[in-house]
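Take a look at the letters that make up each chain.
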Amino acid sequence: MVSWDVVLGLVLLAFALPFILLSAKIRVTRYRTLSVQQESKYLRLMLRDLENHVRHDQELFLEALGVPFILLRPSGRVEMANKKAMELVGLESALQVNLLRVMPECDLRAFFQQVCASTESIHAVVTAGEGENHRIYRAKATLLDNRKRHFGIVFLDVTEEHRTQVIRRDFVANASHELRTPLTLIMGYLDALIDEPEVAEDAAIRQRSLGIMKRHADRMTRLISDMLMLARVDSPDSGYLNREDFDLNRLAEDVQLRLQPMIDEQKATVKMDIQSQPFMMTGDSFYWSQVIFNLIENSLKNNPSPGLQVNVKATREADASCTIQVEDNGIGISEEALPYIFNRFYRADASGKVKGTGLGLAIVKNAVEAHGGSICAESRPGKRTVFRIHLPA
Ligand code: ADP
């Protein structure tokens, strides 16, 4: 016989069972929800970590590019940029900045404007900065295939390339001009000697014409040898420069010997004050003797009056760097001419009385720079003119 208690218990259990099961299910669900929450929190943290990593790598990559890079929206807003690009546009942080709104009118802004209006990739030469900071860039804006019409813009600094091109172009123009002048004169005298019998038959006129032709042919020879020397020293990597050890004392004595007739003729004094004996240097001794020769010869030829004093001084510092200077007490160089004296074909003396090609100091500067050094000039006309060469250790 089943007791009523048991029946009652079973009935109660039948009613309570769903609730018991439900509460167990709720507990399980709550537990699962909690673990899902924890998991999603963990995933969020991982995602943030991953994003940080990607951003960091992206920044590293952008900086490693080594050239200004900007990712630009068509509105002009910056989506991404590296430090070099921020320097270029003159902003501390260009991110999310609209360049078309913040940048003043300039070549660079005009370029960004052109990019934003474009529906295809663009190449352009853009200038930025002023004075000493003036730079020339070749800019390439590539339309990205990301459906947002973003442009990836890179800037390549071509200032040096441009400068070299301008120097080469000017050099060719100047060289042709300098060579054409004596050549035209020689041709004129030759035509007269060939076509005009009275010129050819008169011994005195003929002699004078030949003398003038010889002088101009000499000038052309000097110009060509100076141009060749400059071309060689202009590209030190082309293997023209020797590397040898030599004593500056001996080299300076040789130069002085070559110039002695001029020194005597002008009643000038050249004093050598070289710190040590020997004063060993490494480099191309041919070019170093050309440097010392040109500097002393310049002092002499620009100061033909008697009594000129030229001092050649060389000192070596404790850090093994050395200074070589050539100083004179002649007429000097005016303040206006001083910035240009190292330019090719520049001659401060326009009268043409002083012989020269205008290449002497350009050769000196290039030869010094090809050896890793630098040269500067100071002048107090009538008192003291100094050319100072500095060679790092
Ligand atoms: P060049 O080959 O004609 O001598 P350089 O390039 O050597 O030309 O020199 C350029 C100009 O600098 C010269 O025309 C000259 O007027 C000036 N100069 C150079 N050295 C001196 C100096 N020691 N004293 C006065 N003028 C100088």
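Scope of this entry: the structure provided in the associated data block. (Residues numbered from 1 in each chain as written. Predicted model: local features only at pLDDT ≥ 70, side-chain atom pairs only at ≥ 80, totals over all residues. Heavy atoms only, no water.)

One pass over the full model with this rule turns up eleven salt bridges. Taking the shortest distance from any N to any O, the salt bridge between Arg 73 and Glu 79 comes out at 2.6 Å. Using a relative accessible area of 29% as the deciding quantity, one classes Arg 73 as partly exposed. Notably, a salt bridge pairs Arg 109 with Glu 105, separated by 3.7 Å at the nearest N-O pair. Using a relative accessible area of 11% as the deciding quantity, one classes Arg 109 as buried. For Glu 105, a relative accessible area of 69% gives the class exposed. (Salt bridge = Lys/Arg side-chain N within 4 Å of Asp/Glu carboxyl O. Buried < 20%, exposed > 50% of the residue type's maximum accessible area, 1.4 Å probe, protein only.)

Each strand in a sheet pairs with its neighbour through backbone hydrogen bonds, running either in the same direction (parallel) or in the opposite one (antiparallel). Taken in spatial order, the five strands line up as 2-1-5-4-3 in an open sheet, and their pairing is antiparallel. Two strands bound the open sheet, and with one partner strand each, they are strand 2 (78-81) and strand 3 (122-128). Ignoring strand direction, the axes of neighbouring strands in this sheet form an average angle of 25°. One ladder, built from seven bridges, connects strand 4 (residues 135-143) with strand 5 (residues 151-157); its direction is antiparallel. What sits directly across from Ala 141, in strand 5, is Ile 153. The sheet contacts of helix 4 (residues 107-117) involve strand 1 (69-72), strand 3, strand 4 and strand 5, and relative to strand 3 the element is tilted by about 160°. (Pairing = 2+ DSSP bridges. Helix = DSSP H or I, 4+ residues; strand = E, 2+ residues; numbered from the N terminus. Axes fitted to C-alpha atoms, helices over the stretch in contact; angles between N-to-C directions. Contact = heavy atoms within 4.5 Å.)

Strand order in this open sheet of five strands is 7-9-10-12-11, and the pairing throughout is mixed. A single partner strand is all that each edge strand has here, and the edge strands are strand 7 (269-274) and strand 11 (374-380). Adjacent strand axes in the sheet meet at a mean angle of 10°, parallel and antiparallel pairs treated alike. Pairing of strand 10 (residues 322-328) with strand 12 (residues 384-391) involves seven bridges; the strand directions are antiparallel.

This brings us to the site of the ligand. Of all residues adjacent to the ligand, which total 19 residues, the nearest are Asn 298, Lys 301, Ala 348, Gly 358 and Leu 361. Here an oxygen atom of the ligand and a side-chain polar atom of Arg 347 are 3.3 Å apart. When isolated, the ligand has an accessible area of 550 Å², and the protein chains bury 96% of it. Spatially, the ligand is embedded in the largest pocket. When contributions to the shell around the ligand are tallied by element, the ones reaching two or more residues are helix 9 (285-301) and helix 10 (360-370). In the shell around the ligand, the residues fall into seven nonpolar, eight polar and four charged. (Near = heavy atom within 4 Å. Polar contact = N/O pair within 3.5 Å; in protein donor to acceptor, adjacent residues only side chain to side chain. Areas by Shrake-Rupley, 256 points an atom, 1.4 Å probe, with all protein chains shown as cover. 1 Å grid on protein atoms, 1.4 Å probe; cavity = no way out; pocket = protein on both sides within 12 Å on 5 of 7 lines; lining within 4 Å. Sits in = over half its atoms within 2 Å of the grid points. Nonpolar A, V, L, I, M, F, W, Y, C, P; charged D, E, K, R; others polar.)

By themselves these figures say nothing about function.
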